[in-house]
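# Results of the structural survey
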Amino acid sequence: MNSPRPNISYEQRPEIRQLDEGAINRIAAGEVVERPASAVKELVENAVDAGARRIEVDYADGGKTLIRVTDDGCGMTGDDLPLALSRHATSKIDGSDLLDIHTFGFRGEALPSLGAVGRLKITSRVEGGEGVSMTVSGGRSEPVKPAALSKGTIVELRDLFYATPARLKFLRTDRAESQAIGDVIKRLAMAEPFVGFTLRDVSGGGEGRVTFRADPESGDLFDALHGRLARVLGKEFAENALAIDAEREGLHLTGYAALPTYSRGSAVTQFLFVNGRPVKDKLLVGALRGAYFDFLSRDRHPAACLFIDCDPHLVDVNVHPAKSEVRFRDPGLARGLIVSALRHALAEAGHRASTTVANATLGAMRPEGQGDAPRSYQMDQRSLGGRLGGYTAPPRPSSEVLDQSYQWQAPERFETPGFAEAAHPSARFEDVEAAPEVEALPLGAARAQVHENYIIAQTERGIVIVDQHAAHERLVYEKLKAQMAENGVASQALLIPEVVELGANDAQTLLEMADDLARLGLVIEPFGGGAIAVRETPAILGRVDAKAMISDVLDELEDLGDSLSVQARIEAVLSRVACHGSIRSGRRMRAEEMNALLREMEATPHSGQCNHGRPTYVELKLSDIERLFGRT
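Description of the structure in this document. (Residues numbered from 1 in each chain as written. Predicted model: local features only at pLDDT ≥ 70, side-chain atom pairs only at ≥ 80, totals over all residues. Heavy atoms only, no water.)

### Thoughts on the sheet that holds strand E10 (residues 241-248)
Cut-off, in case you're wondering: The criterion for strand pairing is that DSSP finds at least two bridges linking the strands in question. Helix and strand assignments follow DSSP, with helices taken as H or I runs no shorter than four residues and strands as E runs no shorter than two, numbered in order from the N terminus. An axis is simply a line fitted to the C-alpha atoms; with a helix, the fit covers only the stretch in contact. Between two such axes, the angle follows the N-to-C directions and lies from 0 to 180 degrees. Contact criterion: two residues are considered in contact whenever any of their non-hydrogen atoms come within 4.5 Å of each other.
Pairing is mixed across the open sheet formed by five strands, whose spatial order is E10-E11-E14-E12-E13. The sheet is open, and its two edges are formed by E10 and strand E13 (277-279), each paired on a single side. Along the sheet, successive strands turn relative to each other by an average axial angle of 20°, direction set aside. In this sheet, strand E14 (residues 304-309) lies alongside strand E12 (residues 270-274) in parallel orientation, the contact comprising five bridges. Looking across to E14, one finds that Phe271 is bridged to Cys305. Sheet contacts for helix H7 (residues 221-233): E10, strand E11 (251-258), E12 and E14; angle to E11, the most-contacted strand, approximately 40°. Lying over the sheet, helix H9 (residues 282-291) contacts E12, E13 and E14, oriented at roughly 130° with respect to E12.

Here it is, written out as structure tokens:
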């Protein structure tokens, strides 16, 4: 450091001065407009607040040279435009109650901030009025002028940050900024399924290229949201998502959450909204993780799109300049609602597993280079004579003839050793007559066991392949958890309590959770100052490093607002017990045992995935199997 006092020089007394309006707007822009995507977010939110049903967004060079938002909302008059470009002028609140907020925006800072750092032009028209336009460049505004426009508003922002060139150096590549704009539009499209969105890249001029389009959805809220999520997140998410609808003490949770077997390697498919506003909140992310905690390993992340709606007075949205964070009056209520609702939905899903598992299986079966091109077989092609002379192929043999032919070619008619005479067979067929009603069950009737590890079952619509060890391991694990929930977690008292030295704040945080930890077998009590004494630990864990466990609990409390480390350790032990107590790979099973396992899977929640989130079975539809063999 060159100076012992780098902030203020005391050679001359500092003078307090009032900043001019331009400087104030540029400072505000630094808080609100971080990058082009931030400007898009503010402008599109304004369009939604104006009642728009179709919104078009054009951008060039990643939004650095052009952002244009066109909507069919209510529009503005010539008297409104100067006010809209003034700081802290808004139509969305009256200032009497800063918590009674029902719109995206409310501060009245976005437009003047954008006008301070770029070249902003607004053209608008109200129904039955005249079109008007106003321009602001670098904070300098021009008079309102007449303009031609049929309806709604067009906001055009050019040369973002031209008035603050230093900010341009911190922007990323055009491609990265374009990606950020697309992410913003997709989040808002999920929040507003009844509004149509079009995103177009017009770099280089001309008509441009549509990079995203979502037409307005119809139907009720769940149907509209399901259709919009299929458009934004893909058909696979929509097929494997569970509808969520729960309410508790004024908080209403809706949305869709994917099955555990549709997990992801990162949290990029987690979308959370509070009163329709996209947020990134540590509390809500922690609750989502806690709901899936028992079904996914730590390196896998759930996919979900969840909406919490409540009275505006129960949540403060004015705690972050970009309004991306919120603060609930009762955080525990919001967290508990998410965890309980998601776990209830996952339990109701029963043995269901992701359809992507079957798709991956079918993909692995297809020969390389085949792709989706239709295959042509000789039996499907007409002969030369047929092509020239109208030849008609002979009729297909009857089923009786085919059955007789099959019986004549059966292996037992020949003395030559066939598959059945292999020295060490790895597959066994169970010749058990299954009732039709058994095949009608979700997992069907067991037909065979291959490699002493996989059960082949026949259903009405296809076949099911079950990993017998993984499936039974999950069943045993669920039984052990149910027993633990019923009887509680046994604790073991330490002969000499272990004293852990902590800071005063950390100790207080832990002691506030003492009752919750005691239910998991970890008993703590204050020991003076910033120390706590660990008197009992969960018996199932055996010998425990109490200090390390307390540190893990504190880290999770600080990171997520809740701790699952103790429960995770206990359930990890239960998982290991279940692994050793389940049917082992390599064990031959009778038909009765295989069918009993299938029936138990159908009756047990979460049996569609093992303790690590991997699938326990794969279902292949008959139509997909026929497609593999070119029969369709």
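### Describing the sheet that holds strand E21 (residues 491-501)
Spatially, the three strands line up as an open sheet ordered E21-E23-E22, and their pairing is antiparallel. With one partner strand each, in any of the chains shown, E21 and strand E22 (523-526) form the two edges of the open sheet. Averaged over all adjacent pairs, the angle separating strand axes in this sheet is 20°, with direction ignored. In terms of strand pairing, E22 meets strand E23 (residues 531-538) through four bridges, oriented antiparallel. Bridged to Ile524 within E23 is Val534. Here helix H16 (residues 504-512) sits on the sheet and contacts E22 and E23; the angle it forms with E22, its principal contact strand, is near 135°.

### Regarding the packing of aromatic side chains
Operational definition: Only rings of Phe, Tyr and Trp enter the pairing, Trp through its six-membered ring, and a pair is recorded when the two centres are within 6.5 Å. The plane angle decides the type: under 30 degrees is stacked, over 60 is edge-to-face, the rest tilted. Categorising residues by exposure relies on relative accessible area from a 1.4 Å probe, with only protein chains included: less than 20% of the type maximum marks a residue as buried, more than 50% marks it as exposed, and the intermediate range marks it as partly exposed. Ring-over charges, as used throughout, are those where CZ of Arg or NZ of Lys falls within 6 Å of the ring centre and within 35 degrees of the ring normal.
Evaluated as defined, the whole model comprises three aromatic pairs. Consider the rings of Phe237 and Tyr262, whose centres lie 6.1 Å apart with planes at 65°: the pair is edge-to-face. Residue Phe237 is found in helix H8 (residues 235-239), and its partner Tyr262 is found in the loop between E11 and E12; the two are separated by 25 residues along the sequence. Ring geometry for Phe273 and Phe307: centres 4.5 Å apart, planes at 10°, overall stacked. Here Phe273 is found in strand E12, whereas its partner Phe307 is found in strand E14, with 34 residues between them in sequence. Judged by its relative accessible area of 1%, Phe273 falls in the buried class. Over the ring of Tyr162 we find Arg119, and its NZ or CZ is 3.8 Å from the ring centre. Positioned above the aromatic ring of Tyr262 is the side chain of Arg264, whose terminal nitrogen or guanidinium carbon lies 4.0 Å from the ring centre.

### Points about the nonpolar core
Rules: Each nonpolar core is a collection of buried residues, namely Ala, Val, Leu, Ile, Met, Phe, Trp, Tyr and Cys, held together in the definition by side-chain atoms within 4.5 Å.
If you look at the biggest cluster of nonpolar residues, it comprises 58 residues, and the most contacted ones within it are Val44, Ile55, Ile185 and Phe197. It is helix H6 (residues 174-191) that provides the largest number of residues to this core, a total of eight residues. The contacts of Ile185, once residues within four sequence positions are left out, are Val40, Val44, Val57, Phe197, Leu199 and Phe212. Ala257, Leu288, Ala291 and Leu333 belong to the second-largest nonpolar core, a separate cluster that totals 36 residues.

### Re the packing of H6 against H7
Let me state the cut-off plainly: Oblique is the label for every angle not falling under 35 degrees (roughly parallel), over 145 degrees (roughly antiparallel), or within 65 to 115 degrees (roughly perpendicular). Whether a crossing is left-handed or right-handed is set by the direction in which the near helix is turned from the far one by less than a right angle, anticlockwise for left-handed and clockwise for right-handed. As a working rule, the residues Ala, Val, Leu, Ile, Met, Phe, Trp, Tyr, Cys and Pro are called nonpolar, Asp, Glu, Lys and Arg charged, and the rest polar, with Gly in that last group.
Orientation of H6 relative to H7, taken along the N-to-C sense of each, is 165°, at an axis distance of 9 Å. Classified by the angle their axes make, H6 and H7 are roughly antiparallel. Both H6 and H7 take part in a crossing whose hand is left-handed. Along the contact surface, H6 presents Lys186, Ala189 and Met190, while H7 presents Leu225, Arg228, Leu229, Val232 and Leu233. For the contact of H6 with H7, the class distribution of residues is six nonpolar, no polar and two charged.

### Re the side chain of Gln468
With respect to the helices, strands and loops of the structure, Gln468 is situated in helix H15 (residues 468-487). Leave out the neighbours within four places in its chain, and Gln468 touches Gln449, Glu452, Asn453, Tyr454, Ile455, Ile583, Arg584, Ser585, Gly586, Arg587, Met589 and Leu597.

### With respect to the packing of H15 against helix H20 (residues 591-603)
Two numbers describe how H15 lies on H20: the axes approach to 10 Å, and their chain directions differ by 50°. The orientation of H15 with respect to H20, classified from their angle, is oblique. The handedness of the crossing between H15 and H20 comes out as left-handed. Of the residues in H20, those touching H15 at Gln468, Ala471, His472, Leu475 and Lys479 are Leu597, Glu600 and Met601. Within the contact of H15 with H20, the residues separate by chemical class into four nonpolar, two polar and two charged.

### What to know about the pattern of salt bridges
Note that side chains of opposite charge can pair when their charged atoms are close. As a reminder of what qualifies: By definition, a salt bridge exists where a carboxyl oxygen of Asp or Glu is found within 4 Å of a side-chain nitrogen of Lys or Arg.
Counted under the stated rule, the structure contains 25 salt bridges. The residue Glu239 makes a salt bridge to Lys235 at a minimum N-O spacing of 3.9 Å. Of this pair, Glu239 and Lys235 are both found in helix H8, four residues apart, which corresponds to roughly one turn of the helix. A salt bridge links Lys621 to Glu619; its shortest N-O distance comes to 3.2 Å. Take Lys621: its relative accessible area is 26%, and that puts it in the partly exposed class. Taken together, the salt bridges that share partners define one network made up of Glu56, Asp58, Arg68, Glu156, Arg158 and Arg200.

### Focus: the environment of Gln449
What counts, and what does not: Whenever two N or O atoms come within 3.5 Å, that pair is a polar contact, provided that in protein one can donate a hydrogen and the other can accept it, and provided that, for residues adjacent in sequence, both atoms are side-chain atoms.
Within the secondary structure, Gln449 sits in strand E18 (residues 445-450). The buried category is assigned to Gln449, whose relative accessible area is 1%. Distance in space between the C-alpha atoms of Gln449 and Val466 is 9.4 Å, their sequence separation being 17 residues. Within the structure, Gln449 has its side chain in polar contact with the side chain of Gln468 (distance 2.8 Å). Here the side chain of Gln449 touches Arg587 through a polar contact of 2.8 Å, landing on its backbone oxygen.

### A few points about H6
The condition that has to hold: A helix's residues, less one, multiplied by 1.5 Å, set its expected span.
For H6, with 18 residues, the first-to-last C-alpha span of 26 Å sits near the 26 Å given by 1.5 Å per residue. Of the positions making up H6, those classed as buried are Ala176, Glu177, Ser178, Ala180, Ile181, Gly182, Val184, Ile185, Leu188, Ala189, Met190 and Ala191.

### Notes on the pairing of strand E7 (residues 152-158)
The element E7 is largely enclosed, with a buried count of five among its seven residues. Here strand E3 (residues 119-125) runs beside E7; their pairing, made up of seven bridges, is antiparallel. Among the inter-strand pairings, Ile122 is bridged to a residue of E7, identified as Val155.

### Looking at the pairing of E23
With six of its eight residues buried, E23 lies for the most part within the structure. Looking at chain direction, E21 and E23 are connected through seven bridges and run antiparallel. For Ser491, the partnering residue across the bridge sits in E23 and is Pro538. Here E22 hands over to E23 after four residues, with Gly528 in that stretch at a positive phi of 90°.

### Notes on unusual backbone geometry
Despite not being glycine, Glu249 shows a phi value in the positive range, around 50°. Turning to its location among the elements, Glu249 is positioned in the loop between E10 and E11. Take Glu249: its relative accessible area is 64%, and that puts it in the exposed class.

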